[in-house]
Amino acid sequence: MLLLVIGISLFGLYYAWFLASWVLNKDTGTDQMRVVSDAIKEGAEAFLARQNKTIGFLSILFGIAIFLIAKYIGNSLEMAYTTTIGFILGAFCSGLAGYIGMYVSIRTNIRTASAARNSLNDALMIALRGGGVSGLMVVAMSLLGVGGLFGIIAALKGYPQVFWSIDSSNFASPEAAKLICHLPFVIVGYGFGASFVALFAQLGGGIYTKAADVGADLVGKVEAGIPEDDPRNPAVIADLVGDNVGDCAGRGADLFESTAAENIGAMILGVSLWNIFGFKGLMFPLVARAFGLIASVFGIRSVSCKEDEDPMKALNRGYYLTAVLAMAGFALSVWWLLNANWNFLWCGMIGILTSLAFVYITQYYTEYKYRPVRDIAEASKTGPATNIIAGMAVAMECTAVPTIAISLAIYLSYKLGMNALPGVPGSGLYGTAVATMGMLSTCGYILAMDTFGPITDNAGGIIEMSQQPEEIRHRTDSLDAVGNTTKALTKGYAIGSAALAAFLLFSAYLDDVGNLLKEKLGENASKETLDKIWAAAHTIDLAKPEVFIGALIGGMMVFLFSALAIQAVSKAAQSVITEVRKQFKEKPGIMNGSEKPDYASCVDIVTVGALKAMIPPGAVVVFTPIIVGLLFKKVGMGAEVVGGLLMSGTISGILMATMLNNGGGAWDNAKKFIEMGTHGGKRSEAHKAAVVGDTVGDPFKDTAGPSIHVLIKLLATISLVLIPIFI
């Protein structure tokens with residue numbers, strides 16, 4: 001089974017390389033187009049190189065800290081080595097996945113723009129396949145990392161047969177079973193490293209992209225009255241760079257850590273069912289995800305459209321094909337590995353349906369066709385204040401339906417899991433793990449659609465800045481509009497999967513606490529005593545003041561983190577606005593085209609500001625659970641108090657991320673709705689108010705909101721890794 005997973009992972013990497021080669025062989029347009037594209041490429045690579053140096057330095061420092069904490073506080077040299085190596089490996093792979101995805105995307109934009117001169121279909125295929133490189137790379141590297149690390153450690157421990165075993169017969173002895181069941185807990189460090197890098201990558205990229213966007217919009221659109229992507233705007237290149245470092249590199253690292261952490265979490269929950277499924281229960285998450293990778297390959301390959309067709313329809317067809325093939329692979333995995341217990345297939349179906357539900361819920365709250373966005377546009381007629389009030393109301397309202405959807409998914413999958421194996425402890429939780437696997441089975445295609453957004457946005461900017469004919473701009477505008485939709489939809493998908501995964505990882509945390517407490521008692525303890533310990537470990541009692549304090553801190557941390565992230569955008573944007581105003585004043589010839597703006601100065605200002613500002617909010621997330629756990633360990637309640645913090649932080653994070661993502665998207669599309677001619681169109685008072693609202697929503701939807709997805713999972717992985725020092 002493990003060889004199959006590794007083989008499919010390598011196939012995914014090969015196909016990503018094939019797509020990259022296919023895209024990079026396409027035409028790169030005119031000299032004017034290449035000048036713009038090269039400026040975007042240089043800015044993005046310069047920022048990412050500086051960001052990766054900063055994150056790499058932080059990762060090494062924290063890796064050393066983990067080693068020292070595990071060795072001297074946890075009193076385990078083996079744990080110190082395995083956790084630290086896993087952490088560094090996960091951090092490296094997460095950063096690499098994000099970098100490669102962005103490397104291809106900043107070279108795909110010019111090729112998409114060039115193809116748009118001749119054909120909408122060619123431009124669509126190039127943009128999606130360029131995005132597909134990132135999608136396939138992320139899933140394949142995640143699978144290869146988790147599966148490979150699991151197999152290597154098992155082989156070093158004397159069980160190389162994990163690579164070719166298809167049942168539990170090779171692990172029948174109690175010693176072998178104990179070792180294999182312990183391995184998922186050992187490789188948690190890999191998920192922690194991936195989460196650590198993803199948080200800073202998403203934060204840094206999000207701060208960069210929104211600071212540049214806010215600066216470009218407020219001075220360009222509102223004050224100077226020039227269009228978006230106008231070459232006269234000194235911040236326009238920084239804005240286009242930001243699309244790549246935020247939505248490509250940041251989101252790539254985000255979904256890499258999602259798939260890695262959830263694979264490990266599901267494997268941990270599979271340990272409790274060893275007596276039922278044996279080794280197959282541990283391998284099911286990896287095999288199911290591998291079949292999902294193949295489904296994504298076929299989905300990406302299938303997309304094409306007619307010249308007069310809405311490109312969104314073509315993308316939807318590809319998604320539906322991916323979902324159907326992923327479910328077929330899921331059914332095969334259940335038949336092969338879970339003894340054809342079809343209740344688990346229905347759990348996977350619930351995950352798929354939940355992802356679809358989040359897509360449609362996000363569409364309702366963020367597209368101008370529906371009531372929420374139209375309400376904000378209507379409120380813009382009376383000024384910025386009423387626009388902000390209406391937008392905040394929509395942002396808060398949009399938490400209700402997603403909460404119900406997630407609650408139903410957790411409840412139904414839990415009950416199906418219990419009915420699949422009546423009376424078996426852990427079967428319900430395994431059902432929720434399978435639902436999470438179902439939701440993430442189309443992850444490769446979803447990430448391809450997400451990266452499609454910044455590629456088409458950049459392509460439109462290249463066409464605008466190189467002053468191409470209007471009919472070409474019309475094609476890139478239609479792709480850009482679809483890209484805005486796919487970015488919003490994938491944010492909805494990301495928060496939905498994060499919510500399901502958060503429950504999975506929280507359950508894995510409780511399981512790990514129970515296992516460690518049972519180990520401390522030793523094998524001589526009675527079954528009754530062990531059962532009591534297991535039940536106590538799975539109880540978070542908020543009536544205890546210490547646990548209530550931990551929960552209160554967990555909720556507060558989400559708000560503090562969001563405040564620091566949004567404030568960082570504000571400070572960096574102020575620097576950009578000052579610079580753009582200064583250039584307009586000192587170079588009056590910019591407006592009539594006789595002088596060129598200094599794009600590089602804006603790029604440098606945003607780069608420095610983003611890298612400085614990403615550290616404080618990241619430090620809050622990383623150090624809060626460690627400090628709380630060690631403090632309350634002194635009264636013998638470290639693990640339980642951290643459990644309360646984790647539970648409250650997860651719930652607060654899910655609601656806050658939903659509010660920020662959908663609220664920001666609604667503000668953005670209310671502005672676009674007015675720009676289409678509603679309520680006076682561009683340059684009207686309603687439009688100026690809508691631009692202010694969109695500016696407020698920018699750090700919501702592209703900085704704080706997406707970063708909270710990572711926060712939720714980072715909290716869980718850091719807590720899982722450090723449980724031994726809390727007990």
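Quick note: structure is the one above.
For every chain, the first residue of the written sequence is number 1, and numbering continues from 1 onward in sequence order. Local features in a predicted model are, by the rule used here, given only for residues with pLDDT of at least 70; side-chain atom pairs are given and counted only at 80 or more, and totals for whole chains, interfaces and linings are based on all residues. The basis for every side-chain value is the complete set of non-hydrogen atoms in the structure, without hydrogens or water.

Focus: the overall build of the chain
Elements are defined by DSSP. Helices are runs of H or I of four residues or more, strands are runs of E of two residues or more, and each kind is numbered from the N terminus. For the chain, the count of helices and strands is 24 helices and zero strands. Against the compact-globule benchmark of 27 Å for 727 residues, the chain has a radius of gyration of 25 Å, which places it among compact chains. Counting only C-alpha atoms and orienting by the principal axes, one finds that the chain spans roughly 85 × 50 × 45 Å. Residues counted as buried form 64% of the 727 residues belonging to the chain. Look at the contacts in the chain between residues 6 or more apart in sequence, and 84% of them connect residues 24 or more apart. Side-chain charges of the chain comprise 52 positive and 56 negative groups, with the mean position of each set lying 2 Å from the other. Here the globule rule reads 2.2 Å times residues to the power 0.38, and the radius of gyration is calculated from C-alpha atoms. Three exposure classes are used, based on accessible area relative to the maximum for each residue type with a 1.4 Å probe and protein chains only: buried under 20%, partly exposed in between, and exposed over 50%. Note on definitions: a residue-residue contact is assigned when non-hydrogen atoms from the two residues lie within 4.5 Å. When charges are counted, Lys and Arg are positive and Asp and Glu negative, with His and the chain ends excluded. For charged residues, the charge sits on one atom: NZ in Lys, CZ in Arg, CG in Asp, CD in Glu.

Focus: the nonpolar core
Residues belong to one nonpolar core when they are buried, are Ala, Val, Leu, Ile, Met, Phe, Trp, Tyr or Cys, and are joined through side-chain atoms within 4.5 Å. Counting residues in each nonpolar core, the largest one holds 254 residues, and the members touching the most others are Phe150, Ile180, Phe279 and Phe344. With residues up to four places along the chain from it excluded, the contact list for Ile180 reads Phe150, Ala154, Val162, Phe171, Trp274, Phe279 and Leu282.

Side note on the environment of Ala288
Here Ala288 shows up in helix H9 (residues 279-302). In the structure, Ala288 is positioned 44 residues away from Leu332 in sequence and 8.5 Å away in space, judged by C-alpha atoms. With sequence-adjacent residues up to four places away left out, Ala288 is seen in contact with Phe330 and Ser333.

Notes on the packing of aromatic side chains
Aromatic pairs are defined between Phe, Tyr and Trp rings, using the six-membered ring for Trp, whenever the two ring centres lie within 6.5 Å; interplanar angles under 30 degrees are classed as stacked, those over 60 as edge-to-face, and all others as tilted. Applying the stated rule across the entire model yields 24 aromatic pairs. Centroid distance Tyr14 to Trp17: 5.9 Å. Interplanar angle 35°. Geometry classified as tilted. Taken as a pair, Tyr14 and Trp17 lie in helix H1 (residues 2-24) at a separation of three residues, close to a single helical turn. A residue is classified by how much of its surface remains accessible, and Tyr14, at 45% relative accessible area, is partly exposed. Taking 5.7 Å as the distance between ring centres and 80° as the angle between the ring planes, the aromatic pair formed by Phe62 and Phe192 counts as edge-to-face. Taken as a pair, Phe62 in helix H2 (residues 31-73) and Phe192 in helix H6 (residues 188-224) lie far apart in primary sequence, 130 residues in all. When sorted by exposure, Phe62 lands in the same class as Phe192, which is buried. Grouped by ring-pair contacts, the aromatic residues Phe62, Phe87, Phe192, Phe196, Phe200 and Phe623 constitute a single cluster. Definition used: whenever NZ (Lys) or CZ (Arg) falls within 6 Å of the ring centre and also within 35 degrees of the ring normal, the charge is taken to sit over that ring. The ring of Tyr103 carries Arg107 above its face, with NZ or CZ at 3.6 Å from the centroid. Taking the ring centre of Trp22 as reference, the NZ or CZ of Arg129 above it sits at 4.6 Å.

As for the state of the cysteines
Two cysteine sulfur atoms make up a disulfide if the distance between them is within 2.5 Å. Scanning all chains against the criterion turns up zero disulfides. Cys347 carries a free sulfur, and the closest cysteine sulfur to it, the one in Cys443, is 20 Å from it.

Structural notes on the packing of helix H19 (residues 545-586) against helix H20 (residues 599-613)
In contact at an axis separation of 9 Å, H19 and H20 are set at 165° when each is read in the N-to-C sense. Accordingly, the angle class assigned to the pair H19 and H20 is roughly antiparallel. The chirality of how H19 crosses H20 is right-handed. Only Ser601, Cys602, Ile605, Val606 and Ala613 of H20 make contact with H19, whose side of the interface consists of Ala568, Ser575, Val576, Glu579, Val580 and Gln583. Taken together, the residues of the contact of H19 with H20 sort by class into seven nonpolar, three polar and one charged. Angles run from 0 to 180 degrees between N-to-C directions of axes, and those axes are lines fitted to C-alpha atoms, restricted for helices to the stretch in contact. These descriptions rest on fixed angle ranges, namely under 35 degrees for roughly parallel, over 145 for roughly antiparallel, 65 to 115 for roughly perpendicular, and the rest for oblique. Working rule for handedness: look at the near helix, and if it is turned counterclockwise from the far one by less than a right angle, call the crossing left-handed; if clockwise, right-handed. Three classes are used, and their members are as follows: Ala, Val, Leu, Ile, Met, Phe, Trp, Tyr, Cys and Pro are nonpolar, Asp, Glu, Lys and Arg are charged, and the others, Gly among them, are polar.

Things to note about helix H4 (residues 120-156)
Expected span of a helix: the number of residues minus one, times 1.5 Å. In this model H4 runs 53 Å from its N-terminal to its C-terminal C-alpha over 37 residues, within 8% of the 54 Å that 1.5 Å per residue would give. Of all 37 residues making up H4, 32 are buried, and the element is well covered by its neighbours. Where H4 begins, one side-chain oxygen reaches toward the backbone nitrogen of Asn121, 3.2 Å away; that side chain belongs to Ser119. Among the residues trailing H4, Gly158 stands out with phi positive, at a value near 105°. As used in this structure description, the phrase polar contact means that two N or O atoms lie within 3.5 Å; if the pair is within protein, one of them must be able to donate a hydrogen and the other to accept it, and residues adjacent in sequence are counted only when both atoms belong to side chains.

Regarding the packing of H4 against helix H16 (residues 443-465)
Taken N-terminus to C-terminus, the directions of H4 and H16 make an angle of 130°; their axes are 7 Å apart at the nearest point. When the axis of H4 is compared with that of H16, the two are oblique. Of the two possible hands of crossing, H4 and H16 adopt the one that is right-handed. In this structure, H4 uses Leu124, Ala127, Leu128, Gly130, Gly131, Gly132, Ser134, Gly135, Val138 and Val139 to contact H16, whose residues at the interface are Cys443, Gly444, Tyr445, Leu447, Ala448, Met449, Thr451, Phe452, Ile455 and Thr456. When its residues are assigned to classes, the contact of H4 with H16 shows twelve nonpolar, eight polar and no charged.

Section: the side chain of Thr650
Mapped onto the secondary structure, Thr650 falls in helix H22 (residues 638-675). Residue Thr650 is classed as buried on the basis of its relative accessible area, which comes to 9%. Contacts of Thr650, omitting those with residues within four sequence positions, involve Ala502 and Ile712.

A few points about the side chain of Thr456
The residue Thr456 is located in helix H16 in this model. Assessed through its relative accessible area of 1%, Thr456 is described here as buried. At 2.9 Å, the side chain of Thr456 and the backbone oxygen of Gly453 are in polar contact.

Notes on the pattern of salt bridges
Put simply, a salt bridge is a Lys or Arg side-chain nitrogen that is within 4 Å of an Asp or Glu carboxyl oxygen. For the coordinates displayed, the defined rule picks out 18 salt bridges. Ionic pairing is found between Asp668 and Lys701, a salt bridge with its closest N-O pair at 3.6 Å. In this pair, Asp668 sits in helix H22 while Lys701 sits in helix H23 (residues 685-721), placing the two residues 33 residues apart along the sequence. Taken as a pair, Asp668 and Lys701 share a single burial class, namely buried. Here Asp702 makes a salt bridge to Lys701, at a shortest N to O gap of 2.8 Å. Judged by its relative accessible area of 8%, Asp702 is buried. By relative accessible area, which is 9% here, Lys701 ends up buried. One connected set of salt bridges, linked through shared partners, spans Asp668, Lys671, Lys672, Asp694, Asp698, Lys701 and Asp702.

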